Amino acid sequence: MFRVTVDGAERWARTGQTAAAVLLAAGRASWRTTRGGRPRGIFCGIGVCHDCLVVVNGVPDVRACWRVVEAGDRIETQEGARLPCLPPETGAGTTPGAAREVTVPVVVVGAGPAGLAAALAAAGAGARVTLVDDGERPGGQFLRQAADGPARGAAVRAVQEHPRIAWLPGSTVWALEPGGGPPSGTQDRTDAGWTVHVLQGPADAPGRTAHTLRTAALVLCTGAYDRALPFPGWDLPGVVTAGAAQALAKGQRTAIGRRVVVSGTGPFLLPVASSLLTVGARVLGVYEAGSPAAWLRTPVAALRDGHAKLPELLTYAARLARHRVPYRTRQAVVAAHGRDRVEAVTVARLTPEWQISPGSERRIEDVDAVCVGYGFTPQLELALAAGCALRDNTWVAVGARQQTSVPGVYAAGEPTGIGGAALAAAEGELAGLAAAHWAEHRGDAAGWAPADVVARGPAARRRVLAGRRFARLLAAAHPVRDGWHTWLGEDTLVCRCEEVPYGVLRTAVGERGPDASDGLAADGMCTFKLTTRVGLGPCQGRICARNAAGLCGPGTLPDPQTADRRPIAQPVRLADLAAPGPEPRATTALDPTALDPGAPDPAAPYREDPT
Amino acid sequence: MRQGSPYPPPRPPYPDVVVVGSGIIGAACAEALTRRGVRVTVLDRAPLASGTTAHGEGNLLVSDKPPGPELDLALASSARWPRLLAELGEELGEELGTGLAERCEYETKGGLVVALGEAGARALAGFTAAQRAAGVTAREVGPHDVHAYEPHLAPGVRAAVHYPQDAQVQPVAAAAALLDAVRRRGGILRAGVRALGVERGPGGRVTALRTSAGTLPCGAVVNACGPWAGRFAGEAGAPLPVQPRRGLVLVTAPLPPGTVRHKVYDADYVGAVGSGDADLRTSTVVEATRGGTVLIGSSRERSGFEERFRVAVLRELARKATALFPVLGHVPVIRAYGGFRPYTPDHLPVIGPDPRLPGLWHATGHEGAGIGLAPATGELLAQLYAGEPPCLDPEPYRVARPGLAAEEARCSA
Ligand SMILES: Cc1cc2nc3c(=O)[nH]c(=O)nc-3n(C[C@H](O)[C@H](O)[C@H](O)COP(=O)(O)OP(=O)(O)OC[C@H]3O[C@@H](n4cnc5c(N)ncnc54)[C@H](O)[C@@H]3O)c2cc1C
Ligand SMILES: Cc1cc2nc3c(=O)[nH]c(=O)nc-3n(C[C@H](O)[C@H](O)[C@H](O)COP(=O)(O)OP(=O)(O)OC[C@H]3O[C@@H](n4cnc5c(N)ncnc54)[C@H](O)[C@@H]3O)c2cc1C
Ligand code: FES
């Protein structure tokens, strides 16, 4: 335990505690006001929404849910936009040191179930691997570690002990560039490798340590974040995503509230309610907007493909039953009420199209937290920055080896489709094997033998296929229906950052006439954004873009690729960006013969792991 | 009206003119033409105004231009922008029209050019003297007064010049306002249709535009394809040396109002604008937007239509911005975006009819100043089309000028 201050008052903090957990423990539901004066606290819980911004040690715009506090930290409320308070003599002169450069065959971004499996598989195949994650401990979401407990999960321990895996904790990949990788011995433009730009240190702090990783193969396991649908009052402090409640419970052993309502759709609501119970919250009800038993209509398929997931879900269901938590289907929280924080909610029965059944609304009083989750949105920044093609305009398209459309780039886990931890791990294993293989044999056509990779991973591939079948069953059972549009009022914010209400959005679309085919209705997201300001704030549309697109009618919006194209994947302080970078390097080897590693034997199996 | 026009219109319902490209330039041409009663169709292969116009900044600058034809166009445009927005507002009527300038975020905030070094200060002094002679208002600001203009500017500024004529506009909102006027006047806007080439009649004149949605008979075609204008000109059979010159912009988190008050840039901007170097050139322009974010632009590189960014370019922008405004050092950058400026070898736009292909017109090649130059460009093109006396000497912008010829020969070879 050590001391920090919250708006001048001293507080105790634990090792690994986030600023958000410290603030919640101090009884604060909000610690920021928007430029429009609305109170804000934690919302997404995992660094995506930028609602939780706070001033730490005089530096504003620090995500409280991500920042792990240190002894003596000064935490202050952030009102509106603020400039950093710096001693006058600092500034241009304080540019941090040059980046540390490392050349490594395989870089894995993200240490969730997918990234852990990828790193272990690639290292097991003989490759040196650097594993990067912005968390302090490996695990990602599903395997989120308690901040101060022992390592949980074999993979989490294994990556930290493996001699060929370098684990970079607390490290954010903020940009990727093609080229600059280790020489491949060929002149092929497509295998010039990748340069990965990393900042390591306390989240959003200025002067973090820069690393430049030069790699032959890149495995992107960047996970996903909750989708939250807007409803009146959804921006009140105390309304959070289901994932935020889960991350606080698992990682910080903190309950988001004492009397909590859970609402949304999908099996994820069960573990969230269960974790809330574990940390001592009272769960007043779980409201599932869909009819989740739908997948039980094909019980054979569900049992065949879901054997990894079903027992887990049953455990949660049993715990809810033990605590007599009401679980209601075809119902949802459609409004939250309160002045400076949530105090009550309205729950309503939904029609099959998710409109509110007239007369079915009822208020639940004395609520201090609402957790909403309507599925997940993949984190696509890095995949798009690498130029990977998408499937259905939503997911990273991958082949049988988890290879993307860009040679040398692999993707696994939630960015390729939402399917849970077991599927993510199976995909990660395949991706890791393939990446190691590519790093070794790239540029050598004869050495490129997909069958060879799959030979090591047929079991993983089978698990991937089963996992995807089960994921499809679940997805089909939990669609998001358009009726949610009718929950909104004119003044319900759609974009939380720029505070754009539904009414403004409607006028923008209406003025243009959604069916005037020659009109500006044909505009893409880009134009729409610039005229309404939806998605232009700090979260860069991560929370609102999909919802805004849904509200503006089919075909009018958006081009998700435009919405998701964020070449700076994470905010970077200007002085860190200005820090001297490494010298640009030639992207291809100058003398291919001198660097030829010798023709690898295409049929050679992976080297055995000596450990 | 159309009496002055030497071009016989095709039979209705076909348009007199098809404008290809709905960026700020195409929009300004279509607006100026429809104001004269010309029947116009605007085509864009992409969503409207989503090209370069949606990927740049909205500075309307006279300060960065040395005396010459580009400055003449800029001065004419800078006088035209507020009048144009006022006229369009009036046309829209009481209810919708009021506050159009406000909605387009038109703001005469003025530019402040700053020299941090001795060499820059000397260059700036000579530059402004020449500009004043050409009709630009440029006021010297002493190093001691500069912080009254910009409180957060770095200490040690050697020289600074205030340009009250510099203004800004939100490019997409402005283009949308122009296109709305076109539609209200009966013009047709079509997104998602690509121009593929032209059909020619007996005298070699353009008789129709070939598009991805069929052939569209018309009296004339205006090539306003921005950085893609060279490609379309080639497909039409009249090659034009317009190429992309890429630019990147950094966007900070929202800052308190008044942090950056003018468009502030360092004096070496002047050097980068006039150069055709493929090498990266950056010179920082720092300005605040209505939303509170600060834009830091922009770089200039020739890298074709490459979409992926080089981090070295972002670093260079950040370095120069923090040198001007040290307080920005601890401010987060939340986004980087970029676009492709349409540029010509002699850095002048191409405006007017193509003598090689009667009925084909060009309005393109505005490089990093298309937003600023749009109203005068539209006006000039429409005047030439309608046979009115032009507001500016069109000679320097004509297609058949020596500055384009050599490159053209190379392109067509
Ligand atoms: C908040 C939250 C909590 C969840 N909790 C559960 C749960 O309890 N049970 C359950 O079954 N499912 C849970 N899920 C669903 C979960 O997404 C999957 O079950 C599983 O964790 C997916 O594994 P993954 O490896 O694909 O991604 P994740 O586990 O999400 O791992 C991705 C990792 O990549 C990191 N990352 C992303 N971008 C970068 C970058 N640019 N630089 C550095 N690191 C980066 C992330 O911080 C994260 O640690 C949760 C989801 C969320 C969003
Ligand atoms: C980073 C950056 C910063 C800038 N900052 C400024 C500034 O501050 N001030 C300023 O004045 N200018 C600035 N500019 C320059 C300005 O943006 C451009 O000069 C201007 O937008 C050009 O407009 P345009 O209409 O010619 O081109 P565009 O906006 O690119 O429009 C051309 C249109 O033609 C369409 N098209 C192309 N080919 C076809 C075809 N075959 N068929 C149908 N349609 C087609 C395209 O889809 C596109 O919509 C900046 C540019 C960049 C990149
Ligand atoms: S709650 Fe911290 S970023 Fe969303």
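Residues numbered from 1 in each chain as written. Chains lettered and ligands numbered in written order. Predicted model: local features only at pLDDT ≥ 70, side-chain atom pairs only at ≥ 80, totals over all residues. Heavy atoms only, no water.

Moving on, we get to the overall build of chain B. In terms of regular secondary structure, chain B is built from 12 helices and 19 strands. Against the 2.2 N^0.38 benchmark of 22 Å for 413 residues, chain B shows a C-alpha radius of gyration of 21 Å, consistent with a compact globule. Seen through its principal axes, chain B has C-alpha atoms that stretch 70 × 55 × 40 Å. A burial count over chain B gives 60% of its 413 residues as buried. In chain B, 74% of the contacts between residues at least 6 apart in sequence involve partners at least 24 apart. Here chain B displays about 14400 Å² of accessible surface, and carbon together with sulfur accounts for 55% of that area. Here chain B holds 43 positive side-chain charges and 41 negative ones, and the gap between their average locations is 4 Å. (Helix = DSSP H or I, 4+ residues; strand = E, 2+ residues; numbered from the N terminus. Rg over C-alpha atoms; globule rule 2.2 N^0.38 Å. Buried < 20%, exposed > 50% of the residue type's maximum accessible area, 1.4 Å probe, protein only. Contact = heavy atoms within 4.5 Å. Areas by Shrake-Rupley, 256 points an atom, 1.4 Å probe, with all protein chains shown as cover. Lys, Arg positive; Asp, Glu negative; His and termini not counted. Charge placed at Lys NZ, Arg CZ, Asp CG, Glu CD.)

Moving on: the overall build of chain A. A tally of regular secondary structure across chain A gives 17 helices and 30 strands. A total of 611 residues make up chain A; the buried ones form 59% of that total. Excluding contacts between residues fewer than 6 apart, the proportion of contacts in chain A whose partners are at least 24 apart in sequence is 67%.

Here the focus is the sheet that holds strand β18 (residues 350-353) of chain B. Sheets are built from strands paired through backbone hydrogen bonds, the pairs being either parallel or antiparallel. Residues and elements named next belong to chain B. Strands sit in the order β8-β2-β1-β12-β19-β18 across an open sheet of 6 strands; the sheet is mixed. If you trace the sheet from one side to the other, it starts and ends with β8 (188-191) and β18, each paired once. Adjacent strand axes in the sheet meet at a mean angle of 20°, parallel and antiparallel pairs treated alike. (Pairing = 2+ DSSP bridges. Axes fitted to C-alpha atoms, helices over the stretch in contact; angles between N-to-C directions.)

Another aspect to go through is the pairing of strand β17 (residues 259-265) of chain A. Residue and element names in this part refer to chain A. Most of β17 sits inside the fold, with 6 of its 7 residues counted as buried. Strand direction decides the pairing type here: β17 and strand β18 (residues 282-288), joined by 6 bridges, are parallel. If you follow Gly 264 over to β18, its bridge partner there is Glu 288. In this fold, the crossover linking β17 to β18 by way of helix α5 (residues 269-278) has right-handed handedness. In the sheet, β17 pairs with strand β23 (residues 369-374) via 6 bridges, with the strands oriented parallel. (Right-handed = clockwise from strand over helix to strand, strands pointing away.)

Across the boundary between the two partners, chain B contributes 46 residues, which contact 54 residues of chain A. Buried area between chain B and chain A, both sides added, is near 4400 Å², and the carbon and sulfur share of it is 62%. Taken as a group, Arg308(B), Arg315(B) and His330(B) account for 18% of the area that chain B buries against chain A, more than any other trio of residues on that side. Counting the contacts that link chain B with chain A gives 0 salt bridges. At the surface where chain B touches chain A, the tally comes to 11 residue pairs in polar contact (both at pLDDT 80 or more). Among the secondary structure elements, those contributing two or more residues to the side of chain B that touches chain A are α7 (171-184), β8, β13 (243-252), α10 (311-324) and β17 (332-343) of chain B. (Buried area = accessible area lost by both parts, 1.4 Å probe. Salt bridge = Lys/Arg side-chain N within 4 Å of Asp/Glu carboxyl O. Polar contact = N/O pair within 3.5 Å; in protein donor to acceptor, adjacent residues only side chain to side chain.)

A separate point is the environment of Thr486(A). Residues and elements named next belong to chain A. Counting through the fold element by element, Thr 486 comes out in the loop between α11 (458-477) and β28 (493-495). In this structure Thr 486 comes out as partly exposed when scored by relative accessible area, which is 44%. Separated by 313 residues in the primary sequence, Thr 486 and Val 173 have C-alpha atoms spaced 39 Å apart. Polar side-chain contacts of Thr 486 include one of 2.6 Å to the backbone oxygen of Gly 483.

Here we take up the pattern of salt bridges. All names here are of chain A. One pass over the structure, following the stated rule, counts 41 salt bridges over all chains. In this structure, the salt-bridge partner of Glu 490 is Arg 506, at a minimum N-O distance of 3.0 Å. One end of the pair, Glu 490, is in the loop between α11 and β28; the other, Arg 506, is in helix α12 (residues 502-512), and 16 residues separate them in sequence. For Arg 533, the salt bridge identified is with Glu 498, shortest N-O distance 2.9 Å. Of this pair, Arg 533 sits in the loop between α13 (525-532) and α14 (545-551) while Glu 498 sits in the loop between β28 and β29 (500-501), and the two are 35 residues apart along the sequence. The class of Glu 498 is buried, set by a relative accessible area of 13%.

Moving on: the domain arrangement of chain B. Interface size, as often reported, equals the accessible area lost upon joining of the parts. Residues and elements named next belong to chain B. Examined at the domain level, chain B breaks down into domain 1 (17-86 + 170-242 + 346-412) and domain 2 (111-164 + 244-343). Each of domain 1 and domain 2 was reduced to a C-alpha centroid, and the two centroids are 28 Å apart. Of the roughly 2300 Å² buried where domain 1 meets domain 2, counting both sides, 61% is carbon and sulfur surface. Interface area lost by domain 1 to domain 2 is led by Glu 57, Ser 63 and Glu 367, which between them contribute 27%. Linking domain 1 to domain 2 there are 2 salt bridges. Taking the shortest distance from any N to any O, the salt bridge between Arg 245 and Glu 367 comes out at 2.6 Å. Along the contact surface separating domain 1 from domain 2 lie 11 residue pairs in polar contact (both at pLDDT 80 or more). Among the residues making up the side of domain 1 that touches domain 2, the classes are represented as 10 nonpolar, 11 polar and 5 charged. (Domains from an automatic or database assignment. Nonpolar A, V, L, I, M, F, W, Y, C, P; charged D, E, K, R; others polar.)

As a further point, take the packing of helix α9 (residues 420-441) of chain A against α11(A). Residues and elements named next belong to chain A. It is the contact of α9 with α11, at a shortest axis distance of 8 Å, that shows an interaxial angle of 145°. As for the relative orientation of α9 and α11, their crossing is left-handed in sense. Residues Leu 423, Ala 426, Glu 427, Glu 429 and Leu 430 of α9 lie in contact with α11, whose contacting residues are Ala 460, Arg 461, Arg 463, Val 464, Gly 467, Arg 468 and Ala 471. Of the residues that constitute the contact of α9 with α11, the class distribution is 6 nonpolar, 1 polar and 5 charged. (Left-handed = near helix turned anticlockwise from the far one by under 90°.)

Residue and element names in this part refer to chain A. Taken together, 33 residues lie near ligand 1, and Asp 133, Asp 134, Gln 246, Lys 250 and Glu 414 sit nearest. Here Lys 250 contributes a side-chain N or O atom positioned 2.8 Å from an oxygen atom of ligand 1. Here an oxygen atom of ligand 1 and a backbone polar atom of Ala 421 are 3.5 Å apart. Compared with its free state, where it exposes 960 Å², ligand 1 has 95% of that area covered by protein. Contributing elements (two or more residues each) for the shell around ligand 1: α2 (113-124), β12 (171-178), β15 (224-226), α4 (242-252) and α9. The residue makeup of the shell around ligand 1, split by class, is 15 nonpolar, 12 polar and 6 charged. (Near = heavy atom within 4 Å.)

Below, the discussion takes up the packing of aromatic side chains. Enumeration over the complete set of coordinates arrives at 8 aromatic pairs over all chains. Measuring from ring centre to ring centre gives 5.1 Å for Phe305(B) and Phe340(B), while their planes differ by 70°; the resulting arrangement is edge-to-face. Within this pair, whereas Phe305(B) is found in the loop between β16 (294-300) and α10, its partner Phe340(B) is found in strand β17, the two being separated by 35 residues in sequence. In this structure Phe340(B) comes out as buried when scored by relative accessible area, which is 11%. One residue, Lys250(A), lies across the ring of Phe142(A), its end atom 5.1 Å from the ring centre. (Phe/Tyr/Trp six-rings, centres within 6.5 Å; stacked < 30°, edge-to-face > 60°. Lys NZ or Arg CZ within 6 Å of the ring centre and 35° of its normal.)

So, on to the pairing of β12(A). Residues and elements named next belong to chain A. With respect to burial, β12 is a largely interior element, 7 of its 8 residues being buried. Bridge analysis of β12 against strand β13 (residues 194-200) gives 7 bridges, and the strand direction is antiparallel. Each residue of the ladder has a partner; that of Ser 171, found in β13, is Gln 200.

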